[in-house]
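Here's the letter readout for the chains.
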Amino acid sequence: MIGLEHYLFLGALLFVCGVVCMATKRNAIGVLIGVELVLNGANVNLVAFARYNPAFEIEGMIFSLLVIVLAAAEAAVALAIVLNFYNNHSTVDVDSAEELRG
Amino acid sequence: MGTLHDHPFLWFVIATLLPLASFTYLLLVGGVRNFARARRNHPAADAVYQGLGGDQPGRRAAYVGMAAIFLAFVCSAMGYVTYFVEHHRVEHESERIAEENEKLDHDLKSLRRKGRHFKGAEAKENSAKIAEIRKQIKENQQTVHESEERLEHRWSGSLLWARVWSSSAADPGSGNTLRIGARIDHLSGLMFVMVTFVATLIHLFSSGYMSDELDKQVEDHQVHGEDGGHFRRRGRFGRFFLFLSLFCFSMLNLLLADNLFQIFVSWELVGICSFLLIGFYYERTSATNAANKAFITNRVGDAGFIIGLLIVWTYLGTFNFEEMFSRLRAPVDMHHGHVHAHGGHHKQAVTDLTHRFVKADATKDIEGGKEMTMKAANEAGQYVVIMPRPMGGDHEDEGHQHYNAGELVDAKDRPKVGEHGYMPYWMLVVAGLGIFLGCVGKSAQFPLQVWLPDAMEGPTPVSALIHAATMVAAGVYLVGRCYPLFAPETLLTIAYTGGITLFVAATIAIVATDIKKVLAYSTVSQLGYMMLGLGVGGWAAGLFHLVTHAFFKALLFLGSGSVIYGCHHEQDMRKMGGLFPKMKITAISMLMGVFAIAGIPLFSGWYSKDAVLANAFGFIREHPQHVLLFVLPLITAGITTFYMFRMWFMTFAGRPKDHHVYDHAHETPWMMTTPLVLLAILSVGVAWGNPPWDASNSFMETQILHHAQPESVEVDFHDEHHAAHAGHDFAGGLALVMVVIGFSFAASTYWFGFLDPNESKEMFSGVHRFLSHKWYFDEAYSALFVRPAMAAAGWARWFDTNVVDGLVNGVGKSGLAVSRVHGFFDRVIVDGLVNVVAKVWYAIGSWLRVFQTGYIRSYVLFLGMAAAGIWLLLWVLTMAPAAQP
């Protein structure tokens, strides 16, 4: 029987995968994918809680919807930044984006 | 015009103010011009500057100055002629009335004699006649008095200048006011005409002589610039006339003044003008030194003058000449002693004190003063009684002037109106000596004569002005003005000072080789004659010599200026010679001047020098112990002739000694020769009388100066004048012998060449050295005064730099040390604390900086590690209490 724990494990796995992806990728798109993974890991958790905890039923779904919207907005903004960055530097390597360093 | 008609002395005031107006105008224009010049980048200022002549000095200054002084001459000549006529009319009138009164007096006496025998009605008629005659006499005296008063009123006036302290109601006439005033008499009027005339000619001459200054660029051959070349500057034509105008104004104001204080102010103005003009070429060290020497030497004299002024002010409370004299000299009809009646006949023990000092001894102290016993005219006394100040403003208090037989008098320390005062006799002498010391400085008398020869550094027309009409004349004029103030001791000092001066200066002039220096020493010598003349009682003689000397000395100086100009600024007579054919006008007119100063008969100097010598002779006849006072001027008359002819022969006669000078010599332009000719004419004829060959009958002396002579002179020197008159021909004859001797020496040495000047120079080399060092006066003063003063200045400077400055520096240094400690505390402790705080935070920041790498993965790593860390912490915290039980 698949229970709440399994979903939480899946969410944690996705989260860790996302974090590792963010930490290891130098490609801006890769980092963005990592972020998406982290967000979706969190979403899996929220949806799981909404399914298994009646007190959290509505809130869980709304939170996850919020996260999806947020992820979409974030993706739009981030991709715009990446495109601009590419236009200027002909690369999407985040390590080369160091001009704002103090 | 009405005012001028009522108060004709205003002509002289106008004459005085004209040069002042010219001075003010030139000063303003020059000021505007210089102001615009400094800003000539601006077009408006440049237009003003170019409008005023630009870089090129114009002749306008000369025209303005000359016009002013010439108009002043016209005004003073008109004024003086008016005065002369009026004064003579009044004098004639009073003489006539005096004769009439004498006749009436005679009638009166005979009537009285007859009256003794009359009786009854006859006696009554007789006494009525006597009363009528008495009334007539009194009326006549009143008329004379009134006309004299009117004359005085027309020819003097004054304005209140400053009230020194407010006079109380009890003593309204306390006289502590300073007034600006003018008073004209024969002396000041004559001097006005002389000064303005000579100054006009000098202005004319200067406009030619100073024409070098008209150039845009003047090269001064006596000054070397840093690069070794000659110094170049802009021409200063205007400035010269600016100073000349101020000089003339100062001198005229000095002549105009009716009080000592105004004279003192003008006196100082004259001094500053001479300073400015002697130092006209102020780039030359010698010129500035000479200007300083003149100014400082005059300060010595002026110190004496101020002492005199203070004494006069303290005791007499006034500076007005008339008031001073009326307080010091006894009024008319003052007598000493009683008419004793002894057994029927009168014993006359009365001496006339009129116009004399009233000497007295203190008998006892009274409230606020002393009771005095008055002495007879010829007795000595410790005090001089000061006559009461007249009541109120008008002189209508004739009543108090009758002192007959009043032997005792109450003299007060602070006399009020109508009270007698007193001053110690020695104070009177000191006051006279002090004023005379001022004159010694101005008129370059021994021992302050050293400045005048050095004053030759100024342009030659200035020398002429200083020597003839202004500066040195001021001293002699002042002695003449203050004459009634001088006690016999003072006058004797004046006479001896003059005697020493005239001899010393004449001997130095023998060896001088600079043409201007010869003239300078001759001026000093001639001033000595004037002082001597004044000192021995020849009031008119001394001032007579002043006037004649002014003409011939102006002539000689302008002549020498003409020679110097014609020889392209060569002044050494040893390089001249044989110039006669080249400059005939100059040579002949200068010869007239030489004749005049030497005292050749019929030339002006003859009359005045004879008058001085006659007075000296009269004086030694009465006082044989002072025989030097006649011998010195007599010998000097010969010396004068010698050195003046030596100068003329060396310059104009003989063969040319320096062909460079000779070849370039030329006669000077008309504006320089015209004054020479005019002055030459006056040098000959200014002193003529009727007939001209009578030396003692010069018009100027007998008709002009004798009328200006203070009454006290005739009283004090009655016997001397008598002897002088008797010995006039004798003294003149002796002088003529000396002149002949002097001339023959000069002619045989420098004209015919019988004697070789170099040989005699070798023979008397010691004397020559002594004389060419000017009796070592400069060296002596340098050792006695200049060097000690320099040493004292050095000490003062040492004291100043080391002690005064040391104190100040010490205070500064200790302040510096304190502030250093303070600064250390501030820097290390206060700032240190603040800095340590800042440094700590800076270090923390620097350390934290390491973690902000800018790499996303490192941030994620930190995030992950932090999350892991927090999780671990939570785990430990939750697990540890669980594991414990």
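Each value, and the rule that gives it
- Residues numbered from 1 in each chain as written.
- Chains lettered and ligands numbered in written order.
- Predicted model: local features only at pLDDT ≥ 70, side-chain atom pairs only at ≥ 80, totals over all residues.
- Heavy atoms only, no water.
- Helix = DSSP H or I, 4+ residues; strand = E, 2+ residues; numbered from the N terminus.
- Rg over C-alpha atoms; globule rule 2.2 N^0.38 Å.
- Buried < 20%, exposed > 50% of the residue type's maximum accessible area, 1.4 Å probe, protein only.
- Contact = heavy atoms within 4.5 Å.
- Areas by Shrake-Rupley, 256 points an atom, 1.4 Å probe, with all protein chains shown as cover.
- Lys, Arg positive; Asp, Glu negative; His and termini not counted.
- Charge placed at Lys NZ, Arg CZ, Asp CG, Glu CD.
- Buried area = accessible area lost by both parts, 1.4 Å probe.
- Salt bridge = Lys/Arg side-chain N within 4 Å of Asp/Glu carboxyl O.
- Polar contact = N/O pair within 3.5 Å; in protein donor to acceptor, adjacent residues only side chain to side chain.
- Axes fitted to C-alpha atoms, helices over the stretch in contact; angles between N-to-C directions.
- Parallel < 35°, antiparallel > 145°, perpendicular 65-115°, else oblique.
- Nonpolar A, V, L, I, M, F, W, Y, C, P; charged D, E, K, R; others polar.
- Patch = residues over 30% accessible without salt bridge, like charges linked within 9 Å, V, L, I, M, F, W, Y side chains within 5 Å.
- Pairing = 2+ DSSP bridges.
- pLDDT = per-residue confidence, 0-100.
- Expected span 1.5 Å × (residues − 1).
- Bend = angle between axes of the 7 residues up to and from the residue.
- Disulfide = S-S within 2.5 Å.

1. Considerations on the overall build of chain B
Item 1. Assigned secondary structure in chain B consists of 30 helices and 13 strands.
Item 2. Computed over the C-alpha atoms, the radius of gyration of chain B is 40 Å, more than 25% above the 29 Å expected from 2.2 N^0.38 for a compact globule of 885 residues.
Item 3. The burial tally for chain B puts 50% of its 885 residues in the buried class.
Item 4. Here the analysis covers contacts within chain B between residues at least 6 apart in sequence; of these, 77% occur between residues at least 24 apart.
Item 5. When the accessible surface of chain B is summed, it comes to about 41900 Å², and 63% of that surface belongs to carbon and sulfur atoms.
Item 6. A gap of 8 Å separates the mean positions of the 71 positive and 78 negative side-chain charges of chain B.

2. Some details on the overall build of chain A
Item 1. Across its full length, chain A holds three helices and zero strands.
Item 2. Walking chain A from its N terminus toward its C terminus, one meets helices and strands in the order α-α-α.
Item 3. Here the C-alpha atoms of chain A give a radius of gyration of 17 Å, more than 25% beyond the 13 Å that 2.2 N^0.38 yields for 102 residues.
Item 4. Structurally, chain A occupies a C-alpha span of about 50 × 25 × 25 Å along its principal axes.
Item 5. A sequence separation of at least 24 residues applies to 55% of the contacts in chain A between residues at least 6 apart.

3. Some remarks on the interface of chain A and chain B
Item 1. Each partner contributes to the interface: chain A provides ten residues, whereas chain B provides eight residues.
Item 2. Between chain A and chain B, a total of about 760 Å² is buried, with carbon and sulfur atoms accounting for 58% of that surface.
Item 3. For the pair chain A and chain B, the interface holds zero salt bridges.
Item 4. In this assembly, chain A and chain B are joined by zero residue pairs in polar contact (both at pLDDT 80 or more).

4. Overview of the side chain of serine 712 of chain B
Item 1. With respect to the helices and strands, serine 712 of chain B occurs in helix α24 (residues 711-716).
Item 2. In this structure, serine 712 of chain B is in contact with Arg329, His355 and Pro484 of chain B, ignoring residues within four places of it in sequence.

5. Some thoughts on the packing of helix α6 (residues 186-209) of chain B against helix α17 (residues 539-566) of chain B
All names here are of chain B.
Item 1. The interhelical angle for the contact between α6 and α17, taken along N-to-C directions, is 5 degrees, at an axis separation of 11 Å. Our classification of the angle between α6 and α17 gives roughly parallel. Two secondary-structure elements touch here, α6 through Leu187, Leu190, Met191, Met194, Phe197, Val198, Ile202, Phe205, Gly208 and Tyr209 and α17 through Trp539, Leu543, Leu546, Val547, Ala550, Phe551, Ala554, Leu558, Gly561, Ser562, Ile564 and Tyr565.
Item 2. By residue class, the composition of the contact of α6 with α17 is 19 nonpolar, three polar and no charged.

6. Here's the deal with a negative patch on the surface
All names here are of chain B.
Item 1. On the surface, Glu146, Glu148, Glu149 and Glu711 cluster together to form a negatively charged patch.
Item 2. Ranked by residue count, the leading element in the negative patch is helix α5 (residues 120-154), at three residues.
Item 3. Tracing the backbone shows glutamate 711 in helix α24.
Item 4. The exposed category is assigned to glutamate 711, whose relative accessible area is 51%.

7. Some details on the packing of helix α18 (residues 584-598) of chain B against helix α20 (residues 628-652) of chain B
Residues and elements named next belong to chain B.
Item 1. Packing of α18 against α20 leaves a shortest axis separation of 9 Å and a crossing angle of 170 degrees. Classed by the angle they form, the pair α18 and α20 counts as roughly antiparallel. In this structure, α18 contributes Thr586, Ala587, Met590, Leu591, Val594, Phe595, Ile597 and Ala598 to the contact, and α20 contributes Thr640, Thr641, Met644, Phe645, Met647, Trp648 and Phe652.
Item 2. Taken together, the residues of the contact of α18 with α20 sort by class into twelve nonpolar, three polar and no charged.

8. Observations regarding unusual backbone geometry
Item 1. For the bond from phenylalanine 446 of chain B to proline 447 of chain B, the omega torsion is 5 degrees, close enough to zero to count as cis.
Item 2. Among the secondary structure elements, proline 447 of chain B is positioned in the loop between α11 (425-442) and α12 (451-454).
Item 3. Of note in this structure, serine 90 of chain A is not a glycine but carries a positive phi near 55 degrees.
Item 4. The residue alanine 444 of chain B is not glycine, and still its phi comes out positive at about 55 degrees.
Item 5. Within the secondary structure, alanine 444 of chain B is located in the loop between α11 and α12.
Item 6. Look at alanine 444 of chain B and you get buried, because its relative accessible area is 0%.

9. Details of the environment of phenylalanine 717 of chain B
Residues and elements named next belong to chain B.
Item 1. Positionally, phenylalanine 717 belongs in the loop between α24 and α25 (718-726).
Item 2. With 76 residues separating them along the chain, phenylalanine 717 and threonine 641 place their C-alpha atoms 30 Å apart.
Item 3. Leaving out residues up to four positions away in the same chain, phenylalanine 717 has contacts with Tyr483, Leu491, Gly535, Val536, Gly537 and Phe619.

10. A short note on the sheet that holds strand β10 (residues 369-374) of chain B
Residue and element names in this part refer to chain B.
Item 1. On the basis of which strands lie adjacent, the closed barrel formed by five strands has the order β9-β10-β12-β13-β11 and mixed pairing. Direction aside, neighbouring strands of the sheet carry axes that sit 50 degrees apart on average.
Item 2. Note: strand β9 (residues 359-366) against strand β11 (residues 383-386), two bridges, orientation antiparallel. Its bridge partner lying in β11, alanine 360 is registered against tyrosine 383.
Item 3. Along the sheet face, α11 touches β9, β11 and β13 (420-424) and points at about 70 degrees away from the line of β13.

11. Quick notes on the pattern of salt bridges
Residue and element names in this part refer to chain B.
Item 1. Using the criterion set out here, one finds 14 salt bridges over all chains in the structure.
Item 2. Of the charged contacts in the structure, one is a salt bridge between arginine 299 and aspartate 302, with a shortest N-O distance of 2.5 Å. A residue pair is termed a helical-turn pair when its members lie 3 or 4 positions apart in one helix, as arginine 299 and aspartate 302 do in helix α9 (residues 285-316) at three residues.
Item 3. Overall, arginine 299 belongs to the partly exposed group, its relative accessible area being 28%.

12. So, the confidence of the model for chain B
Residues and elements named next belong to chain B.
Item 1. With 93% of its residues at a pLDDT of 70 or more, chain B shows a mean pLDDT of 83.
Item 2. α11 holds the highest mean pLDDT among the elements of chain B, 91, whereas strand β6 (residues 339-342) holds the lowest, 46.
Item 3. Contacts for the low-pLDDT stretch residues 339-348, under 50 throughout, to residues beyond four places or in other chains number nine contacts.
Item 4. Confidence drops under a pLDDT of 50 for residues 392-402, and excluding neighbours within four residues, the segment shows eight contacts in the predicted structure.
Item 5. Listed scores for the predicted complex are pTM 0.77 and ipTM 0.79.

13. Some thoughts on α17 of chain B
Residues and elements named next belong to chain B.
Item 1. With 28 residues, α17 ought to run about 40 Å at 1.5 Å a step, and its terminal C-alpha atoms sit 40 Å apart, in line with that.
Item 2. Taken as a whole, α17 carries its principal kink of about 30 degrees at histidine 549.
Item 3. Where burial is concerned, most of α17 is hidden: 28 out of the 28 residues are buried.
Item 4. Positive backbone phi, at 55 degrees, marks histidine 568, one or two positions downstream of α17.

14. Concerning the side chain of aspartate 93 of chain A
Residue and element names in this part refer to chain A.
Item 1. Looking at the element boundaries, aspartate 93 is found in the segment after α3 (57-89).
Item 2. A polar atom in the side chain of aspartate 93 sits 3.1 Å from the side chain of arginine 26.
Item 3. Beyond its immediate chain neighbours, meaning those up to four positions away, aspartate 93 contacts Arg26 and Phe85.

15. What about the environment of tyrosine 859 of chain B?
Residues and elements named next belong to chain B.
Item 1. Looking at the secondary structure, you find tyrosine 859 in helix α30 (residues 856-883).
Item 2. Residues tyrosine 859 and alanine 431 lie 428 residues apart in sequence; the distance between their C-alpha atoms is 110 Å.
Item 3. Those residues in contact with tyrosine 859, other than ones at most four positions away along the chain, are Phe851, Gln852, Thr853 and Gly854.

16. Description of the environment of glycine 475 of chain B
All names here are of chain B.
Item 1. For glycine 475, the location among the structural elements is in helix α14 (residues 471-481).
Item 2. Glycine 475 sits in the buried class, given a relative accessible area of 0%.
Item 3. Those residues in contact with glycine 475 that sit more than four places away from it in its chain are Trp267, Cys439, Lys442, Ser443 and Met531.

17. Describing the state of the cysteines
Cysteine pairs can be covalently joined through their sulfur atoms, and such a bond is termed a disulfide.
Item 1. Enumeration according to the criterion identifies zero disulfides over all chains in this entry.
Item 2. For cysteine 248 of chain B, which is in no disulfide, the shortest distance to another cysteine sulfur is to cysteine 273 of chain B and amounts to 8.9 Å.

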